[in-house]
Amino acid sequence: MMTTAAKKNETHSTVSYVFKIAIMLFFMFGFRFIPGPEPITSYGMAVIGIFIGLVIGWMISPTNLVWPALLSLIALATTEYGTASQIMAKSFGHDVIVLCLVGMFIIGALNQADVSEWFVVKIITAKFAKGRPWLLTAILVIGPFFASILLRPILVIILLAAMYGKLFKMAGYERGDKYVT
């Protein structure tokens, strides 16, 4: 059974969430009706509003970034940019987007199979790194540099985002530590 304070908190949270979504929708669909400064056209104001609304949507729901992104594509379809099918083709047909999606699928599968964890353990327990933290740091910085020369940098970024989080957690670092930053 919920206490009165818990019910009030939940109601306040729901009202706050609905208010934030209303602000996001205003920026995505209503910002275009505000007259912009001299060089900005109404189309420019619409795109700026969609961008601001998208960022607000991502801040509202940081664990689910998909629905604000799809809503921004719908909002963009209501502008002079093009039809919904043209926007989808431009958004999902670009080679970088396809590369990112495929890279995330592959790296997600590697994470599920604990390949990145195995790689992190190999890095941490490497014989050359024992007692030489600056050598390990140099390898963690210079290695991705050379990998990004050989591969697409966005793939290296996606791989390292998954790997470095595990690496620092296994090494005992926490969010906000100076070394990690």
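Our structure's up above, just so we're on the same page.
Reading the values: the criteria
- Residues numbered from 1 in each chain as written.
- Predicted model: local features only at pLDDT ≥ 70, side-chain atom pairs only at ≥ 80, totals over all residues.
- Heavy atoms only, no water.
- Core = buried A, V, L, I, M, F, W, Y, C linked by side-chain atoms within 4.5 Å.
- Buried < 20%, exposed > 50% of the residue type's maximum accessible area, 1.4 Å probe, protein only.
- Helix = DSSP H or I, 4+ residues; strand = E, 2+ residues; numbered from the N terminus.
- Contact = heavy atoms within 4.5 Å.
- Phe/Tyr/Trp six-rings, centres within 6.5 Å; stacked < 30°, edge-to-face > 60°.
- Axes fitted to C-alpha atoms, helices over the stretch in contact; angles between N-to-C directions.
- Parallel < 35°, antiparallel > 145°, perpendicular 65-115°, else oblique.
- Left-handed = near helix turned anticlockwise from the far one by under 90°.
- Nonpolar A, V, L, I, M, F, W, Y, C, P; charged D, E, K, R; others polar.
- Patch = residues over 30% accessible without salt bridge, like charges linked within 9 Å, V, L, I, M, F, W, Y side chains within 5 Å.
- Areas by Shrake-Rupley, 256 points an atom, 1.4 Å probe, with all protein chains shown as cover.
- Salt bridge = Lys/Arg side-chain N within 4 Å of Asp/Glu carboxyl O.
- Expected span 1.5 Å × (residues − 1).

**Section: the nonpolar core**
One broad rule of soluble globular proteins: the nonpolar side chains tend to lie buried together. Of all hydrophobic cores here, the largest spans 14 residues; its most connected members are Met24, Met28 and Ile56. Every element with two or more residues in this core is listed here: α1 (4-30), α2 (42-60) and α3 (66-77). If you tally residues by element for this core, the top one is α2, at 5 residues. In this structure, isoleucine 56 is in contact with Lys20, Ile23, Met24 and Phe27, ignoring residues within four places of it in sequence.

**Some words on the packing of aromatic side chains**
Applying the stated criterion across every chain yields a total of 7 aromatic pairs. Aromatic side chains phenylalanine 26 and phenylalanine 27 sit 5.5 Å apart centroid to centroid with 65° between the ring planes, which places their arrangement in the edge-to-face category. Phenylalanine 26 gets classed as partly exposed once you look at its relative accessible area, which sits at 41%. Pairing phenylalanine 168 with tyrosine 173 gives two aromatic rings, centres 6.1 Å apart and planes at 85°, and the pair type is edge-to-face. Owing to a relative accessible area of 16%, phenylalanine 168 belongs among the buried residues under this scheme.

**Observations concerning the environment of glycine 30**
Counting through the fold element by element, glycine 30 comes out in helix α1. By relative accessible area, glycine 30 is classed as buried at 16%. Taking the C-alpha atoms as reference points, glycine 30 and arginine 132, separated by 102 residues in sequence, lie 57 Å from one another.

**Overview of the packing of helix α7 (residues 133-150) against helix α8 (residues 153-170)**
Across the interface, α7 lies against α8 with an axial gap of 9 Å and an inter-helix angle of 155°. Overall, the two elements α7 and α8 adopt an arrangement that is roughly antiparallel. Note that α7 runs across α8; the crossing there is right-handed. Residues Leu140, Val141, Pro144, Ala147 and Ser148 of α7 form the contact with α8, whose own contacting residues are Pro153, Val156, Leu160, Tyr164 and Leu167. Taken together, the residues of the contact of α7 with α8 break down into 9 nonpolar, 1 polar and no charged.

**Topic: a nonpolar patch on the surface**
Side chains of Val66, Leu70, Met88, Phe92, Ile97, Leu101 and Phe105 sit close together on the surface and give an oily, nonpolar patch of about 610 Å² of accessible area. Elements with a contribution of two residues or more to the nonpolar patch: α3, α4 (84-93) and α5 (95-112). Relative to the helices and strands, phenylalanine 105 resides in helix α5.

**Topic: α8**
The first and last C-alpha atoms of α8 sit 25 Å apart over 18 residues, in line with the 26 Å expected at 1.5 Å per residue. Residues of α8 that are buried include every one of Val156, Ile158, Leu160, Met163, Tyr164, Leu167 and Phe168, and no others. Looking at the buried side of α8, the elements it contacts are α5, α6 (115-124) and α7. Positive backbone phi, at 95°, marks glycine 172, one or two positions downstream of α8.

Coordinates in, geometry out; function isn't part of it.
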